[in-house]
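What follows is each chain in one-letter form.
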Amino acid sequence: MKKILACISILVLLGGCATATERRSSSEVKTNKGVPVVYIHPLEAETYAHASVGVLPFLLPESMKAEMGPRVAALYQDVLLGKAAFPTVKLLTEPYGDFGEAVAAGRAASTDLVLAGKINYAIEGTEMGGARLDVTVRLVNVSSGKTVWHINQTMDQPYDYPKTDGLHRLLASFGPPPTRRPMGGSVMTNMLAQVAVDMTDVMIGSRYVRR
């Protein structure tokens, strides 16, 4: 009888530790950040260091509201200026359907380059994770119409499903169920900001981006 009581006491203690650990680990589901993939780039990163850039509203998937296009463009403007990637970064409001219209918008704004971005897909996910993002950006030379930067980046957040194996169910029976704390800001917003920072770091010549 004493041995049984001792085993139960140990399980209760372990259950309490496991619950506390789950509370900490489930408060934020880790995001897997893919590095930017560069398809086209200048021979020297400094080639366009003194160019002016016009940032167009981002093209969006049907799942996103139209007002997000200008907001994402404004985010890229802030990051490009904040990191001094280019001396002049203008926010353009003209919608466009192809690169010809994008170049025309850049010419009308008298910029050297125009940034045409597209969110290929964006899934917000739930409190257990599941957010996913895929963004493509092109910087086009307004004079020649040629792409000087073409970058793509994806990010995903795996689902953090509750542990349901026999051991965890046994431990959970000796303590209160784990609770999830609020995760803070929107995961998608954080993903978009991180992609903007990573792509800008690539444009200014960084060999590595923060993982």
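Refer to the structure above for everything that follows.
Only a predicted model underlies this, so the values are computations on that prediction, with no experimental measurement involved.

1. Topic: the overall build of the protein
For step 1, the next point in the chain: Helix and strand counts for the protein stand at 5 helices and 7 strands.
For step 2, the next point in the chain: For the protein, the α and β elements follow one another from N to C terminus as α-β-β-β-α-β-α-β-β-β-α-α.
For step 3, the next point in the chain: In the protein, once contacts between residues fewer than 6 apart in sequence are set aside, the share between residues at least 24 apart is 73%.
For step 4, the next point in the chain: Of the roughly 12200 Å² that the protein leaves accessible, carbon and sulfur atoms contribute 58%.

2. A short note on the pairing of strand β6 (residues 132-141)
For step 1, the next point in the chain: Counted residue by residue, β6 has 8 buried out of 10 residues, so it is predominantly covered.
For step 2, the next point in the chain: Here 10 bridges tie strand β5 (residues 113-123) to β6, and the two strands are oriented antiparallel to one another. Note that in β6 the partner of Leu-115 across the bridge is Leu-139.
For step 3, the next point in the chain: Here β6 runs beside strand β7 (residues 147-156); their pairing, made up of 9 bridges, is antiparallel. Of the residues in β7, the one forming a bridge with Arg-132 is Asp-156.
For step 4, the next point in the chain: Between β6 and β7, which pair antiparallel and follow one another directly, the connecting turn spans 5 residues, one of which, Gly-145, has a positive phi of 80°.

3. Details of the nonpolar core
For step 1, the next point in the chain: By size, the foremost hydrophobic cluster in this structure holds 35 residues, and its most contacted members are Tyr-76 and Val-135.
For step 2, the next point in the chain: Of all elements in the fold, only β3 (52-55), α2 (68-82), β5, β6, β7 and α5 (187-203) reach the threshold of two or more residues within this core.
For step 3, the next point in the chain: Here this core takes 9 residues from α5, the largest share from any one element.
For step 4, the next point in the chain: Residues contacting Tyr-76, with those up to four places away along its chain left out, are Val-55, Phe-58, Leu-115, Val-135, Val-137, Val-195, Ala-196 and Met-199.
For step 5, the next point in the chain: Formed by 11 residues, the second largest nonpolar core is a distinct cluster that contains Leu-92, Ala-105, Ala-109 and Ala-116.

4. Thoughts on the pattern of salt bridges
For step 1, the next point in the chain: In total, this model carries 1 salt bridge according to the counting rule given.
For step 2, the next point in the chain: Put simply, Lys-83 and Asp-201 hold a salt bridge, and the shortest N to O gap is 3.0 Å. Highlighted residues: Lys-83 in the loop between α2 and β4 (88-91) and Asp-201 in helix α5, separated in sequence by 118 residues.
For step 3, the next point in the chain: The exposure class of Lys-83 is partly exposed, given its relative accessible area of 33%.
For step 4, the next point in the chain: Since its relative accessible area comes to 12%, Asp-201 is described here as buried.

5. Side note on unusual backbone geometry
For step 1, the next point in the chain: A positive phi is found at Ala-84, a non-glycine position, where the angle reads about 55°.
For step 2, the next point in the chain: Take Ala-84: it is sitting in the loop between α2 and β4.
For step 3, the next point in the chain: Given a relative accessible area of 60%, Ala-84 falls into the exposed group.
For step 4, the next point in the chain: Phi is positive for Ser-110, which is not a glycine, with a value near 60°.

6. Focus: the environment of Asn-32
For step 1, the next point in the chain: Among the structural elements, Asn-32 can be located in strand β1 (residues 32-33).
For step 2, the next point in the chain: Taking relative accessible area as the criterion, Asn-32 reaches 36% and is therefore assigned partly exposed.
For step 3, the next point in the chain: With 126 residues separating them along the chain, Asn-32 and Pro-158 place their C-alpha atoms 7.6 Å apart.
For step 4, the next point in the chain: Those residues in contact with Asn-32, other than ones at most four positions away along the chain, are Met-155, Asp-156 and Pro-158.

7. Comments concerning the pairing of β5
For step 1, the next point in the chain: Where β3 and β5 come together, 3 bridges link them in parallel fashion. The partner of Val-53 across the bridge, within β5, is Leu-113.

8. A word on helix α3 (residues 99-108)
For step 1, the next point in the chain: When α3 is considered as a whole, its buried residues turn out to be Ala-102, Val-103, Ala-105 and Gly-106. Along the axis of α3, the buried positions cluster into a sector of 160°, meaning they face one direction only. Of the exposed residues in α3, those oriented more than 90 degrees away from the buried face are Arg-107 and Ala-108.
For step 2, the next point in the chain: Buried residues along α3 sit against β5 and β6.
For step 3, the next point in the chain: Where α3 begins, one side-chain oxygen reaches toward the backbone nitrogen of Gly-100, 3.1 Å away; that side chain belongs to Asp-98.
For step 4, the next point in the chain: Note on α3: the residue one or two positions beyond its end, Ser-110, has a positive phi of about 60°.

About the cut-offs
Residues numbered from 1 in each chain as written. Predicted model: local features only at pLDDT ≥ 70, side-chain atom pairs only at ≥ 80, totals over all residues. Heavy atoms only, no water. Helix = DSSP H or I, 4+ residues; strand = E, 2+ residues; numbered from the N terminus. Contact = heavy atoms within 4.5 Å. Areas by Shrake-Rupley, 256 points an atom, 1.4 Å probe, with all protein chains shown as cover. Buried < 20%, exposed > 50% of the residue type's maximum accessible area, 1.4 Å probe, protein only. Pairing = 2+ DSSP bridges. Core = buried A, V, L, I, M, F, W, Y, C linked by side-chain atoms within 4.5 Å. Salt bridge = Lys/Arg side-chain N within 4 Å of Asp/Glu carboxyl O. Arc of directions from axis to C-beta. Polar contact = N/O pair within 3.5 Å; in protein donor to acceptor, adjacent residues only side chain to side chain.

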